[in-house]
Amino acid sequence: MEKNLAKTYDPKDFEDRIYHMWEENGAFKAERDPNKKPFTIVMPPPNITGQLHMGHALDQTLQDVLTRFKRLQGYSALWLPGSDHASLATEVKVVEKLREEEGLTKEDLGREQFLKRVWEWKRIYGGKITKQCRKLGDSCDWSRERFTLDEGCNRAVNHFFVKLYEKGYIYRGNRLINWCPKCGTSLSDAEVEHEDKNGKYWYFRYPAADGGEGVVIATSRPETMFGDIAIAVHPNDERYKDMVGKNVILPLVGREIPIIADPYPDPEKGTGAVKITPAHDANDFEVGQRNDLEILCCINEDATMNSLAGKYEGMDRYECRKAWVADLEAAGYLVKTEDKVIPVGECYRCGTVIEPMLSDQWFVAMEELAKPAIEAAKSGKLVHVPERFEKIYLHWLEEIRDWCISRQLWWGHQIPAWYCQDCGEITVAETTPDKCGKCGSTNLKQDEDALDTWFSSALWPFSTLGWPEETEDLKYFYPTDVLVTGYDIIFFWVVRMVFSALEMTGESPFKYVYIHGLVRDAEGRKMSKSLGNGIDPLEIIDQYGADALRFMLSTGITPGNDMRFKEDKLESARNFANKLWNASRFVIMNLQDEEGNFKVMTDNGLQDEDKWILSRVNDAAKYMTENMEKFDLALAGQRVYELIWNEYCDWYIEIVKGRLYGDDEEDKATARYVLVKALKDMLRMLHPFMPYITEEIWGFLPKGEPAKDNPDNFLIKERWPVYDEIQTFEEEMKKLQMAMEAIRSIRNIRAEAEAAPSRQLRAVILAQGEAMDTVKAGERYIKKLANITEITFTSDKKDVPEEVMSAVINGAEIFIPLDDLVDYKAELERLTKEKKKLEGEVKRVKGKLSNEGFVKKAPEKVVNEEKAKMAKYEDMLSKVCERLAMVEGKLS
């Protein structure tokens, strides 16, 4: 075995090897241990159609940081992985593949053969994303990996459906739904993305049937006029009181429709009169239900016009709009046109504008199911992090409409409902019924539609643990602890998991919902295929290593907020890993003798600097634990970064180097002990963020007796450092803190005076009382690290030389004689050049201002700017001349 880390940090040398080692040795496996508390996260299942993108990388890194943290704390930590069958996305991909490669449709194959093709596609491509998750370092219990369409999940879905149906929460109805003409399926409200777009309002006159002027209405969708059933006005609108009950004529169509009174129209908007088309608008549908209106549909499922549109039949809805408006205008029915910003609903999958469509579908009645989910948030049983997202969650639930759960797809959970072909009876059951319960016929046909993907995803936190059976895993690991997810799927998924779990298990599926934002590009734009600004995490891992990507993501985001992906942050994270690597190499090198055996280490005779670094590590453990528990992972990660880079590498190692090379063997043993203890605790704290490099370094450090649950002495199964008040050394902290302040100040003075670090200096430190004792205690550190040959400590300002550069620190002032700082010959040369340059600037500006033409013609602002320059250059020249005289005096 190698005695030390490789000379150069290269994550490619060990990241894959270490992951394989963890997996081979069962490091991710969660056991049901009665002596441990469980901690459970279920992975939001990525679609089998997908591949790892930066959103997955962020989401999974945050989950892994939490899981590794809890595992180190001694919990039986289960991070349960899986993937989603993604009904719509997967079916679309396979249908496209069939069409492009074989010229076939799914109907050509038939349901059974088509589903065989999809399962085959899943076998080839479905595991791709889970392999990519391993590259990121995900410490999931892969032995429990689930799929939303596996046998257990299917059993849970059917049980859930039947239970809701038996309680009257699931029903089949002819209602207005969101229809995607391109995907050819219904969509739930959550699957419709709304976007404001530039559009138009056309104002048309509907003539009165009795020959009067009639009514003017405004519409953004004139092609739906063929399905108009009525004109509605508000009952309190005085303009139309006498017209209610009368009829108007649908322009060009000639069909009479009534004017009705209904509270829906707003008298302040448009003309106050609205056309009612129940088959093509959700609000109009409600008006139609209240007023018992007929429903006429004029648009087909493929978004072409039907026979109700007359000569426009077969035209695309937008082609029809253009021709229809032109004809109405030619006939004199168009009153005016207005440009308007109109909210447009689009399919979340393909971006096609959805068409409200009257259809026989299956629905979940949401009113009663939503109430416990609302109460869970209000009572604190469910906590949103950050809290502001609770308002969005509650608003969605309080305004929720019945959920359309049937999809006109074959890939997915087939609806467990059978229709008797003889008597029409519907049988809903968990398994295929033998015969009709009403007439006894065996001529049954199962509903061909599949359930909405989110119907199965809603059960994910408990179906994956064996529900509806009361399994040992379910008893131990459920309810789960935290759900980590992006704010973009609160409505899609979180709400549905909560009400489903409360209804089926009586408990919230998780205590916390930790909500993060999106990873945007450097300009703040959402990453998308159309913009071509997506970044492949696997390419980043190949270039920088998984640890750098993980650290950048987990420390660059705060709960609920978006982050920008910037290359320099990755560079910074990799530089940090490199710094840790080199520091660890130095430590390991000083721990071993020539044969590679570890030298003696002892905690006897701790020096001030030893107690200081142990205190800082102890303090960091407390700070990090508090912030990890609050999900402020960025603050926790930043703290361990500062501890390792600034305090351990830049200060402690520099201070302790001299002791390691000295002759006092006992003191060297103490220094080695502290170097290792601090490093091991820091590796434990950094491990959740950067698991690979920390495990690799850990392997080269001395180990104690292996713990029962960690026989291989892996870092992943170690214990998180616990804050210990005994390890807080206040006095030593003060001494070192003041010494470091003094050193920083002296270094700043050097930089300001442009004195090289190698130039030896003297210092005078002015302080009183306790501050004097504290700063004196740090004398050896100040001398060594600030290259000071002699320090004069005084409480009297008279002892301070006249010509000095100074700095103020907490409780003291530091003075460095100018004679020590300045190389007067070099300074004379520099100041002479500076004087010549400034004299040239003064002459140039003077020339401008003495030019009468310039002063008269130039704008006043420009003249004033030149005058200001003149004053500035003259002041600078005066100061340079003054300093030049002083330097010349020193050299004479």
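Residues numbered from 1 in each chain as written. Predicted model: local features only at pLDDT ≥ 70, side-chain atom pairs only at ≥ 80, totals over all residues. Heavy atoms only, no water.

1. Remarks on the overall build of the protein chain
Okay, so step 1: For the protein chain, the count of helices and strands is 29 helices and 29 strands.
Okay, so step 2: For the protein chain, whose C-alpha radius of gyration is 38 Å, the value lies well above the compact-globule estimate of 29 Å for 892 residues.
Okay, so step 3: Dimensions of the protein chain, computed from C-alpha atoms along their principal axes, come out at roughly 115 × 90 × 55 Å.
Okay, so step 4: Here the protein chain holds 892 residues, and the buried ones make up 52% of them.
Okay, so step 5: Considering only contacts within the protein chain whose residues lie at least 6 apart along the sequence, 77% involve residues at least 24 apart.
Okay, so step 6: Accessible area for the protein chain stands at about 41,200 Å²; split by element, carbon and sulfur atoms hold 47% of it. (Helix = DSSP H or I, 4+ residues; strand = E, 2+ residues; numbered from the N terminus. Rg over C-alpha atoms; globule rule 2.2 N^0.38 Å. Buried < 20%, exposed > 50% of the residue type's maximum accessible area, 1.4 Å probe, protein only. Contact = heavy atoms within 4.5 Å. Areas by Shrake-Rupley, 256 points an atom, 1.4 Å probe, with all protein chains shown as cover.)

2. A word on the sheet that holds strand 29 (residues 812-817)
Okay, so step 1: Taken in spatial order, the four strands make up an open sheet running 27-26-29-28, and their pairing is mixed. Edge positions in the sheet fall to strand 27 (788-794) and strand 28 (804-809), since each has one partner strand and no second. Averaged over all adjacent pairs, the angle separating strand axes in this sheet is 20°, with direction ignored.
Okay, so step 2: Pairing geometry for strand 26 (residues 761-767) and strand 29, over four bridges, is antiparallel. When the sheet's bridge partners are listed, Ile765 is paired in strand 29 with Ile814. (Pairing = 2+ DSSP bridges. Axes fitted to C-alpha atoms, helices over the stretch in contact; angles between N-to-C directions.)

3. Structural notes on the nonpolar core
Okay, so step 1: Residues Leu549, Tyr648, Phe689 and Ile782 are the most contacted members of the largest nonpolar core, which totals 146 residues.
Okay, so step 2: The element best represented in this core is helix 20 (residues 633-660), accounting for 14 residues.
Okay, so step 3: Setting aside chain neighbours within four positions, we find Phe689 in contact with Val65, Asp547, Arg550, Phe551, Ser554, Met624, Met628, Leu633, Ala636 and Gly637.
Okay, so step 4: Judged by nonpolar contacts, the second largest core, of 60 residues, contains Tyr419, Leu483, Phe492 and Val495. (Core = buried A, V, L, I, M, F, W, Y, C linked by side-chain atoms within 4.5 Å.)

4. Remarks on the state of the cysteines
Okay, so step 1: The final tally for this structure, using the stated rule, is zero disulfides.
Okay, so step 2: For the unlinked cysteine Cys350, the closest cysteine sulfur is that of Cys180, found at 3.5 Å.
Okay, so step 3: We note that Cys436 lacks a disulfide partner, and the nearest cysteine sulfur, in Cys423, lies 3.7 Å from it. (Disulfide = S-S within 2.5 Å.)

5. Some remarks on helix 24 (residues 769-777)
Okay, so step 1: Residues of helix 24 that are buried include every one of Ala771, Met772, Thr774 and Val775, and no others. Mapping the buried residues of helix 24 onto a view down its axis gives an arc of 165°, with all of them on the same face. Exposed residues pointing more than 90 degrees away from the buried face of helix 24 are listed as Glu770 and Asp773.
Okay, so step 2: Considering only its buried residues, helix 24 is in contact with helix 23 (730-753), strand 26, helix 25 (779-786) and strand 27. (Arc of directions from axis to C-beta.)

6. Comments concerning the sheet that holds strand 6 (residues 185-187)
The strands making up a sheet associate through hydrogen bonds between their backbones, and the pairing can be parallel or antiparallel.
Okay, so step 1: Taken in spatial order, the four strands line up as 6-5-14-16 in an open sheet, and their pairing is antiparallel. At either margin of the open sheet sits one strand with a lone partner, and together these are strand 6 and strand 16 (403-404).
Okay, so step 2: Here two bridges tie strand 14 (residues 355-364) to strand 16, and the two strands are oriented antiparallel to one another. When the sheet's bridge partners are listed, Val364 is paired in strand 16 with Trp403.

7. Remarks on unusual backbone geometry
Okay, so step 1: For the bond from Val385 to Pro386, the omega torsion is 0°, close enough to zero to count as cis.
Okay, so step 2: Residue position: Pro386 is located in the loop between strand 15 (383-385) and helix 11 (389-398).
Okay, so step 3: Along the chain, Trp467 connects to Pro468 via a cis peptide bond; the corresponding omega equals 15°.
Okay, so step 4: Positive phi outside glycine occurs at Asp292, with the angle close to 55°.
Okay, so step 5: As for its position among the elements, Asp292 is in the loop between helix 8 (282-291) and helix 9 (317-330).
Okay, so step 6: Backbone geometry at Glu754 places phi at a positive 60°, although glycine is not the residue there.
Okay, so step 7: You can see Glu754 is positioned in the loop between helix 23 and strand 26.

8. Thoughts on the pattern of salt bridges
Okay, so step 1: One pass over the structure, following the stated rule, counts 68 salt bridges.
Okay, so step 2: Put simply, Arg205 and Glu213 hold a salt bridge, and the shortest N to O gap is 3.8 Å.
Okay, so step 3: Taking relative accessible area as the criterion, Arg205 reaches 29% and is therefore assigned partly exposed.
Okay, so step 4: When the shortest N-O distance is used, the salt bridge between Glu472 and Lys475 registers 3.2 Å. On the criterion of helical spacing, the pair formed by Glu472 and Lys475 is a turn pair, its members being three residues apart in helix 14 (residues 472-477).
Okay, so step 5: The class for Lys475 is partly exposed, based on a relative accessible area of 47%. (Salt bridge = Lys/Arg side-chain N within 4 Å of Asp/Glu carboxyl O.)

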